[in-house]
Amino acid sequence: MPADVNAATIAAREAMASVPAEPGVPKPDPVLIVDGVKRHFGGLTAVDVEHLEVQRNLITALIGPNGAGKTTFFNLMTGFDSPNEGKWSFDGRDLGRVSAHKVAQMGMVRTFQLTKSLNRMTVIENMRLAGTGQTGERFLPAIVPSMWRKQEAILTQRADVLLERFTLEAKREDLAGTLSGGQRKLLEVARALMVQPELVCLDEPMAGVNPALVQSLLGHVKSLRDELGMTVLFVEHDMDVVMDISDWVVVMAEGRVIAEGPPRSIGTNKTVIQAYLGGGDGEGEVSLADIEAAAGNPTPTGDLA
Amino acid sequence: MELGNVLIDGLRAALGVEAVVFALAAIGLNIHFGYTGLLNFGQVGFMLVGAYGVAIMARQCPSAAATQSAADQIGPCGEPLIFGVILGIVLAVILALLLGAPTLRLRADYLAITTIAAAEILRFLFRSDTADPLTNSVFGIQQFANDFFVINPIPAGRYFGQLNYSSQQLWTMVVGWSLVLLLTLWTWLLMRSPWGRVLKSIREDEDAARALGKNVFSYKMQALILGGVFGALGGMFLAIGTQAVAPDTYIPVRTFFAYVIIILGGAGTIWGPIVGTFLFLFLTSGLETLLRELIEGGIIPSSFISLPEVGPIRFIMVGLMLALLMAFRPQGIFGDKEEMLLDAR
Amino acid sequence: MGLSQMTPCTDRRRGWAVAALLTVVVVLLAPAAVAQEDGEAVLARVFSGAGADQTDVAGAAIVVLDADGTEVGSGQTNDEGEVLIELPGPGEYTIRLDDTTLPEGVTPRGDVVERTQNVQAGRQGNALFPLEGDAAAAAGGGFFSGDISRVPQLFVDGIKLGSIIAITAIGLSLIFGTTGLVNFAHGELVTLGAVVAFFFNASPAGPTIHLIFAGIVAVIIGAFAGAGLEGTIWGPLRNRGVGLISMLVISIGLSFIIRNVILIVFGGATRPFLDYNIQSQIKFLGIRIVPRDLAIIVLSFLVLIAVGLMLQRTKIGKALRAVADNRDLAESSGIDVDKVIRFVWLLGGGLSAFGGVLLGATEQVNVNMGFNLLLLMFAGMILGGIGTAYGAMVGSLVVGIISQVSTAFFSVQLKFVWALLILIVVLLIRPQGLLGRAERFG
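Residues numbered from 1 in each chain as written. Chains lettered and ligands numbered in written order. Predicted model: local features only at pLDDT ≥ 70, side-chain atom pairs only at ≥ 80, totals over all residues.

1. Quick look at the overall build of chain C
1) Next: For chain C, the count of helices and strands is twelve helices and eleven strands.
2) Next: Buried residues in chain C amount to 51% of all 442 residues.
3) Next: Within chain C, counting contacts between residues at least 6 apart in sequence, those at least 24 apart form 75% of the total. (Helix = DSSP H or I, 4+ residues; strand = E, 2+ residues; numbered from the N terminus. Buried ≥ 20, exposed ≤ 12 C-beta atoms within 10 Å, placed from the backbone. Contact = placed C-beta atoms within 7 Å.)

Written out as structure tokens, the structure is:
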């Protein structure tokens, strides 16, 4: 995708160039700041993040071996689970004890590892649903269509633009349950954008997507940043994807942030290699494929080409 | 042996007071289960508070009453019927709030157990001697709805030939079915609006709705209240139409019947509750008459099925309908095949 | 039971055997049919005093005669002084109170022992029998009585009720734990046990063997009925991928079917077994108990301990706990989950039938006894922690004790209200139950 990159993203990249690659490092313009968030399940500590900042206008990848606590971390950030201790803020607003729907309304929207398309609703209804602040969603105005028809038309217009962008316009009137797995992923991302978020959290957006669609989904995620200046935080196992689109990578293991930095710095990071391979001191450089294999989600590299 | 009786009895049941009551309860339950996916098994509890709201408000006062416990009756009496209707609606809203607050965050099967338990608690309370001054315990309250029949504009007489409705029955049915149509229209308007869209999204996947910024708890509560009030209207209608309330009318079986009805007619469809009510009552009453006729006509030997067994056989058929529909056609008799394949429940 | 050798073929053969056995039972019991559920009935009520001093009289015999003077039904009043007698159809009936069955010191007011009622189609007639004198010796009364001296006695009664609930709730809880099914037809397995035992023990058409043997037969048939349901209905439905909510609704339909089949073959009356009906009470530390009830408590506890040991010590018990804990993990570690589930149904069916026999022995046999127990089983199961056997035991005991002890302070008619309120309160503050682990719910 040729670089029609927006100014904010370019500025953010320049600002990040001087940020050192160490865990918990402060960022020039963080949209999400996490402090001392811990979550225990019985005796197990699933998440224990001392400090983490996510830079605005960039794509940040969250990687780590299976059971590193990535999805739990997502759940905590977006209000789907509450931590035992700690606080975090989004866009300067404290998010402790804020319920999931309010987090979404504030502009931090997530998707799920297992796609949650609303099967017995049409694609366009899936999209319309996601619009925020709809008058017609209130009980009394709902039965007076004249009160919400205009808003509905505007929403539909935005939805159609997004559907076209995500090549789903032909499926507009189909029930979401009839779409293929990859199309559902696309729908879920497109639907999340209907909320007009500041930060999109994607939980394994490429998992289960047919390789032919991965490339187009990648392009869509990039364009979120490049054209709209949106901030993206995503969990991914496929290291080629991570290398390809992310500006910054955060590595979690056993609930902690063990490393972060620009993509190229991660493959050579000893702590990361240790965490993935569980061995003694790292012996030389470990290939990306090794990390993938340890992450339990190997993808043949050739597929992306 | 009159096979015509089968049709007539079926039709009488499918159009009568009982049908109106089931249709109202089912429209409410359809909002819960069909549109929002709430597994409310205590719909009969809403019917109970509606019925008793009317009966207690409008019952005869002690001086005129001849009941044995009239002397220690407490609470309102002799009020206009409309006050009773208002009380019934208020009670249904309160019940929904009390029931929903702890349970709407729980898993669906927990909600089912809790709601059925709550409905039974209400029945036990209302039939107990403790509540006697208010509810007249197991005997219930009678003859409180004269206001309703006094304004009957239909001249006395019998109507519709063999269906043989009295003018009072006809009056009750006209009002009842008008109410059913009115509530159906309201439901239709709601379900084609963005409000209804949020309910459907909760049915499909409440986490997805939450992730898109919808206050799932609040919408579930609104659905529970609305469907509960519809159920209460059903209970009120039963009380007014028969001029009687008794606690043991409001047993869990009524809720189960309402489930059969909406699954039969198609859960989550506008006409489902009405179509389902019609089919359900026509089939079960028709079958009952058919069996009676066959036995009395000697076609089925009474050593094989005797008359008293006809009632239980009707229930067995209801059970079979519920189980088979749910297993093989969860989208209802007229439901869409495509939707069935997507049915994740 | 050689579960490990069980092949699908023998399994099917066993299913047929169960079906054949049940058919035999059904045919044999058929002459006992009397009543219908949905139709006309008369509710008789026997009490003394009025208002707050009103006392309900239990155990009074009521006979209903039709216009020709033929007896069409009879029954005994329950703890609430009521008895509901089903009628064959609308018409005029005479309801007669047998005043020789009244407690000493009370007589029918105005010596009226007969009431005539014209019962309309589909309606219920009422017949009241107010009494002169004071029957308060039988206890009962207003909303709050606060008789603390009755607590120890009621506590023992509660243990009896609770242990019966516990025996039936284990199966319900294990079925939920292993398959996720909330089985609304579980109460009918209880009724089935009681009715089968009644047939072998007390039915004129049956062999009238002693209750102990009848009970053993009932448990065996109950176990096979449970396994038969799994083999013919639940297993295939699971394999077709039918959702859990659908299965819950299907279980309600199934409960209708079983209950009404039982109604047809057994009838609507409440009937006692032949054995252990009249016994003199043992008094110990001021607590009165008949040997039968003492035996029920002891037997229940023995069975509960046996189930506990089985879960703890045997291979199948360990496999069962593993499946209830984490089905996928158990499956991937080589446990035959389907076999475990069949075993759970076999166990649950047998235990429910056993509970039914015990309940029938202490409170007589009725077609609705199981369904009436179902909500208490749910309460016990949720209180203890859903899906675990030990939780169901502890929770059920608590439910039984609270129900009974509440009658020392509050009206006996409200005793189950407290148990059900506990269910709701537990869901509010500790949805995982007393013994359950904290998890995310909802």
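2. Focus: the overall build of chain A
1) Next: Counting secondary structure elements, chain A contains twelve helices and ten strands.
2) Next: Looking at chain A as a whole, 45% of its 305 residues qualify as buried.
3) Next: Within chain A, counting contacts between residues at least 6 apart in sequence, those at least 24 apart form 68% of the total.

3. Remarks on the interface of chain B and chain A
1) Next: Every contact between the two is made by 26 residues of chain B and, on the other side, 28 residues of chain A.
2) Next: Of all the elements, helix α9 (residues 194-204) of chain B adds the most residues to the side of chain B that touches chain A, at seven residues.

4. Considerations on the confidence of the model for chain C
Residue and element names in this part refer to chain C.
1) Next: Chain-level pLDDT for chain C is 81 on average; 84% of the residues reach the 70-or-more range.
2) Next: Mean pLDDT per element in chain C: helix α1 (residues 8-29) is the minimum at 46, and helix α3 (residues 186-201) is the maximum at 96.
3) Next: Here residues 137-142 is modelled with pLDDT under 50, and outside its nearest four sequence neighbours on either side it reaches twelve contacts, counting other chains as well.
4) Next: Across residues 438-442 the pLDDT falls below 50, and counting only partners more than four positions away or on other chains, this stretch makes eight contacts in the model.
5) Next: Across the predicted assembly, pTM comes out at 0.82 and ipTM at 0.86. (pLDDT = per-residue confidence, 0-100.)

5. A look at the interface of chain C and chain B
1) Next: Chain C puts 49 residues into the contact, and the matching count from chain B is 46 residues.
2) Next: Elements supplying a minimum of two residues to the side of chain C that touches chain B: α5 (244-266), α10 (369-384) and α12 (415-429) of chain C.
3) Next: In terms of residue count, α5(C) provides more of the side of chain C that touches chain B than any other element does, 14 residues in total.
4) Next: Tallied by class, the residues present in the side of chain C that touches chain B amount to 34 nonpolar, twelve polar and three charged. (Nonpolar A, V, L, I, M, F, W, Y, C, P; charged D, E, K, R; others polar.)

6. Focus on α9(B)
1) Next: Summarising burial for α9(B): eleven of the eleven residues are buried, a large majority.
2) Next: Where α9(B) is concerned, the buried positions are B:P194, B:W195, B:G196, B:R197, B:V198, B:L199, B:K200, B:S201, B:I202, B:R203 and B:E204.
3) Next: Looking at the buried side of α9(B), the elements it contacts are α4 (123-129) and α5 (139-142) of chain A together with α2 (17-36), α8 (167-191), α10 (206-211) and α11 (216-242) of chain B.

7. Thoughts on the pairing of strand β3 (residues 59-63) of chain A
All names here are of chain A.
1) Next: With five of five residues buried, β3 lies mostly within the body of the structure.
2) Next: Burial of β3 is two-sided: the residues I59, A61 and I63 facing one way and the residues T60 and L62 facing the other way are all buried.
3) Next: With four bridges connecting them, β3 and strand β8 (residues 231-235) associate as parallel partners. Within β8, the position partnered with T60 by the bridge is L233.
4) Next: Bridging between β3 and strand β9 (residues 248-253) involves four bridges; their strand directions are parallel. Among the inter-strand pairings, L62 is bridged to a residue of β9, identified as V250. (Pairing = 2+ DSSP bridges.)

8. Thoughts on the sheet that holds strand β6 (residues 108-110) of chain A
Pairing between sheet strands relies on hydrogen bonds along the backbone, with the strands arranged either parallel or antiparallel.
All names here are of chain A.
1) Next: Overall, mixed pairing links the six strands, which are arranged β6-β7-β8-β3-β9-β10 in an open sheet. Every interior strand has two partners, whereas the edge strands, β6 and β10 (256-261), have only one. Strand-to-strand twist across the sheet, computed as the mean angle between neighbouring axes with direction ignored, equals 20°.
2) Next: Where β9 meets β10, five bridges bridge the pair, whose relative direction is antiparallel. Within β10, the residue paired with V250 across the bridge is E260.
3) Next: The strands touched by helix α2 (residues 70-77) are β3, β6, β7 (199-203), β8 and β9; relative to β7, the strand with the most contacts, the crossing angle is about 145°. (Axes fitted to C-alpha atoms, helices over the stretch in contact; angles between N-to-C directions.)

9. Things to note about the environment of A:V242
All names here are of chain A.
1) Next: One can find V242 in helix α9 (residues 239-245).
2) Next: Since 22 C-beta atoms lie within 10 Å of it, V242 is described here as buried.
3) Next: Between the C-alpha atom of V242 and that of T71, which follows or precedes it by 171 residues, the distance is 17 Å.
4) Next: Excluding residues within four positions of it along the chain, V242 makes contact with A61, I63, E236, V249 and P263.

10. A closer look at the nonpolar core
Most often, soluble globular proteins have nonpolar side chains that are buried together.
1) Next: Counting residues in hydrophobic clusters, the biggest one holds 306 residues, and the most contacted among them are B:L24, B:V260, B:L322, C:A379 and C:L423.
2) Next: In terms of nonpolar packing, the next biggest core, distinct from the first, is built from 25 residues, C:V42, C:F47, C:V106 and C:V119 among them. (Core = buried A, V, L, I, M, F, W, Y, C linked by C-beta atoms within 7 Å.)

11. Looking at unusual backbone geometry
Note: most residues except glycine have negative phi, and most peptide bonds are trans.
1) Next: The backbone of A:E204 sits at a positive phi, close to 50°, despite the residue not being glycine.
2) Next: With respect to the helices, strands and loops of the structure, A:E204 is situated in the loop between β7 and α8 (211-228).
3) Next: A positive phi is found at C:T208, a non-glycine position, where the angle reads about 45°.
4) Next: For C:T208, the position within the fold is in the loop between α3 and α4 (211-239).
5) Next: For C:T208, a count of 13 C-beta atoms within 10 Å gives the class partly exposed.

12. Quick look at the environment of C:G384
Residue and element names in this part refer to chain C.
1) Next: When you line up the elements, G384 lands in helix α10.
2) Next: A count of 29 C-beta atoms within 10 Å places G384 in the buried class.
3) Next: Expressed as a C-alpha distance, the spacing of G384 and G395, which sit eleven residues apart in the sequence, is 4.1 Å.
4) Next: Not counting chain neighbours up to four residues away, the residues in contact with G384 comprise G391, A392, M393, V394, G395, G433, L434 and L435.

13. What about the sheet that holds strand β4 (residues 71-76) of chain C?
All names here are of chain C.
1) Next: Pairing is antiparallel in the open sheet, where four strands are placed in the order β4-β3-β6-β8. Edge strands, defined here as strands with exactly one partner in the open sheet, are β4 and β8 (114-119). Ignoring strand direction, the axes of neighbouring strands in this sheet form an average angle of 20°.
2) Next: Relative to β4, strand β3 (residues 61-66) is paired through five bridges, and the arrangement is antiparallel.

14. Observations regarding the packing of α10(C) against helix α11 (residues 389-409) of chain C
Residues and elements named next belong to chain C.
1) Next: Axis separation between α10 and α11 bottoms out at 7 Å; the angle between their running directions is 120°. Put simply, α10 runs oblique to α11. The crossing of α10 and α11 is right-handed. Here L376, A379, G380, M381, L383 and G384 of α10 lie close against α11, whose contacting residues are G391, A392, M393, V394, G395, S396, V398 and V399.
2) Next: Residues that form the contact of α10 with α11 fall into these classes: nine nonpolar, five polar and no charged. (Parallel < 35°, antiparallel > 145°, perpendicular 65-115°, else oblique. Left-handed = near helix turned anticlockwise from the far one by under 90°.)

15. Side note on the packing of helix α7 (residues 315-325) of chain C against helix α9 (residues 337-363) of chain C
Residue and element names in this part refer to chain C.
1) Next: Two numbers describe how α7 lies on α9: the axes approach to 10 Å, and their chain directions differ by 105°. In terms of orientation, α7 and α9 fall into the roughly perpendicular class. Seen from α7, the contacting residues are I316, A319, L320 and V323; seen from α9, they are V337, V340, F343 and V344.
2) Next: Among the residues forming the contact of α7 with α9, the class breakdown is eight nonpolar, no polar and no charged.

16. Some words on the confidence of the model for chain A
In low-pLDDT segments, the atomic positions of the prediction should not be examined closely.
All names here are of chain A.
1) Next: Scored by pLDDT, chain A comes out at a mean of 85, with 89% of its residues at no less than 70.
2) Next: When mean pLDDT is compared element by element in chain A, α4 scores highest at 96, while helix α12 (residues 288-294) scores lowest at 58.
3) Next: Contacts for the low-pLDDT stretch residues 279-285, under 50 throughout, to residues beyond four places or in other chains number five contacts.
4) Next: When the criterion is pLDDT under 50, residues 297-305 qualifies, and its contacts beyond four places in sequence or with other chains add up to twelve contacts.

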